[in-house]
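# A closer look at the structure
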Amino acid sequence: MRWFWIDRFTQFESGRSATAVKNVSLAEGHLHDHFPGAPLMPNSLVIEGLAQTGGLLAAEHNDFEERVVLAKVAKARFHFSATPGDTLVYQVTIDDIHKDGAIVSGTSHVGPRLQAEVQLVFAHLSESVAGSKSLFDPASLLAMLKLLGVFEVGRDSQGKPLNVPASLLAAAGNQA
Amino acid sequence: MAATKEEVYTKVQGALVDALGVDEEEVTPEARLVGDLGAESIDFLDIVFRLEKAFDIKIPRGELFPEDILTNAQYVQNGRVTPEGLKQLEARMPFADLTNFSANPVVQDFGNLLTVQDMCRYVESKVGA
């Protein structure tokens, strides 16, 4: 997966909340078109970053065995546009998690300034709709989670270090 | 303690305002979820989540929207629900008024059936209001 709209998790509490950062940089090619001479981080990509933060948090709750997809942006409010040099801090909390999906609230801050507020609805796709057992190849998913620091900062619901789920480790190992 | 009908209505209204981004005044008892409030298929998942949370109830899949009947060849022929299928719908959806739908039971129109009042009646049946 190259569609990374967060750089790293800085906090991750299983089933409850997570924080990730996104550094906005002039090295991102799309900022030169959005807009020429006036680079602004597209708000849609802020939503994507918050969805990645919240989606991985929701997926971890079920050991990454559900096929979690962003189903709906229930609410999105932006207070200003992020520009190169800004560090966006995405904080998400799980409002509710069900068998069929989850509702997650999130904010984006630059320093103390509230940049965006969202509420996102995630759905768990059935295997028949998704067309496969997993949306990600297990080895790639595990590599991505490690890259983002999920297991470095992650804590389980008892506050103990978060371990790689045995099922994911086995699936990734079987592929390697 | 059982909720009153007014409490049910207020909470259903709140769930629909949040899920559909509509104003409170638009959520009248007669308003149709799809036709008047602009609900799309994915919104129903959102609505179910919010009702479950607001009332601390479980809404099994297919109970509020019995999609299994509408996709069952036994109950649908040429895009219309058969008399047998209508009986099934009536049995499964005592909270909904199927009179108009039964007169011309085109499956496509089914999504536009439910009103705010139907949702309230459904919740009332779950919480004993």
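Note that this is a predicted model, so its numbers are computed, not measured.

Conventions adopted
- Residues numbered from 1 in each chain as written.
- Chains lettered and ligands numbered in written order.
- Predicted model: local features only at pLDDT ≥ 70, side-chain atom pairs only at ≥ 80, totals over all residues.
- Heavy atoms only, no water.
- Salt bridge = Lys/Arg side-chain N within 4 Å of Asp/Glu carboxyl O.
- Helix = DSSP H or I, 4+ residues; strand = E, 2+ residues; numbered from the N terminus.
- Buried < 20%, exposed > 50% of the residue type's maximum accessible area, 1.4 Å probe, protein only.
- Contact = heavy atoms within 4.5 Å.
- Buried area = accessible area lost by both parts, 1.4 Å probe.
- Polar contact = N/O pair within 3.5 Å; in protein donor to acceptor, adjacent residues only side chain to side chain.
- Nonpolar A, V, L, I, M, F, W, Y, C, P; charged D, E, K, R; others polar.
- Pairing = 2+ DSSP bridges.
- Axes fitted to C-alpha atoms, helices over the stretch in contact; angles between N-to-C directions.

Scanning the model with the defined rule gives 11 salt bridges over all chains in all. In this structure, Lys72(A) and Asp46(B) form a salt bridge, with 2.6 Å as the shortest nitrogen-oxygen distance. With one member in each of two chains, Lys72(A) in strand β3 (residues 67-78) and Asp46(B) in helix α2 (residues 41-55) form a pair that bridges those chains. Taken individually, Lys72(A) and Asp46(B) each receive the classification buried, so the pair is uniform in this respect. Where Arg50(B) meets Asp46(B), a salt bridge forms, and the shortest distance between an N and an O atom there is 2.7 Å. Taken as a pair, Arg50(B) and Asp46(B) lie in helix α2 at a separation of four residues, close to a single helical turn. As far as burial versus exposure is concerned, Arg50(B) and Asp46(B) are alike and both buried. Via salt bridges that share partners, Lys72(A), Asp43(B), Asp46(B) and Arg50(B) belong to a single interconnected network.

With that settled, consider the interface of chain A and chain B. The interface is formed by 14 residues belonging to chain A together with 11 residues belonging to chain B. Buried area between chain A and chain B, both sides added, is near 1,000 Å², and the carbon and sulfur share of it is 53%. For chain A, the biggest contributors to the area lost against chain B are Lys72(A), His98(A) and Asp100(A); these three give 45% of the whole. The interface formed by chain A and chain B contains three salt bridges. Put simply, chain A and chain B have seven residue pairs in polar contact (both at pLDDT 80 or more) between them. At the level of elements, β3, β4 (87-97), β5 (101-110) and β6 (113-125) of chain A are the ones that each hand at least two residues to the side of chain A that touches chain B. For the side of chain A that touches chain B, the element with the most residues is β6(A), which contributes four residues. Residues belonging to the side of chain A that touches chain B are distributed by class as follows: seven nonpolar, three polar and four charged.

Residues and elements named next belong to chain A. Direction of pairing for strand β2 (residues 17-23) relative to β4: antiparallel, over a ladder of seven bridges. Within β4, the residue paired with Asn 23 across the bridge is Thr 87. Following β4, the chain reverses through three residues before pairing antiparallel with β5.

This part covers the sheet that holds strand β1 (residues 8-13) of chain A. Residues and elements named next belong to chain A. With mixed pairing, the seven strands of this open sheet are ordered in space as β3-β6-β5-β4-β2-β1-β7. On the outer flanks of this sheet lie β3 and β7 (154-155), each paired with one strand and no other. One ladder, built from 10 bridges, connects β3 with β6; its direction is antiparallel. Residue Arg 77 lies in a different strand from β6, and its bridge partner there is Glu 117. Across the sheet, helix α1 (residues 43-61) lies against β1, β2, β3, β4, β5 and β6, angled at about 45° from β4, the strand it touches most.

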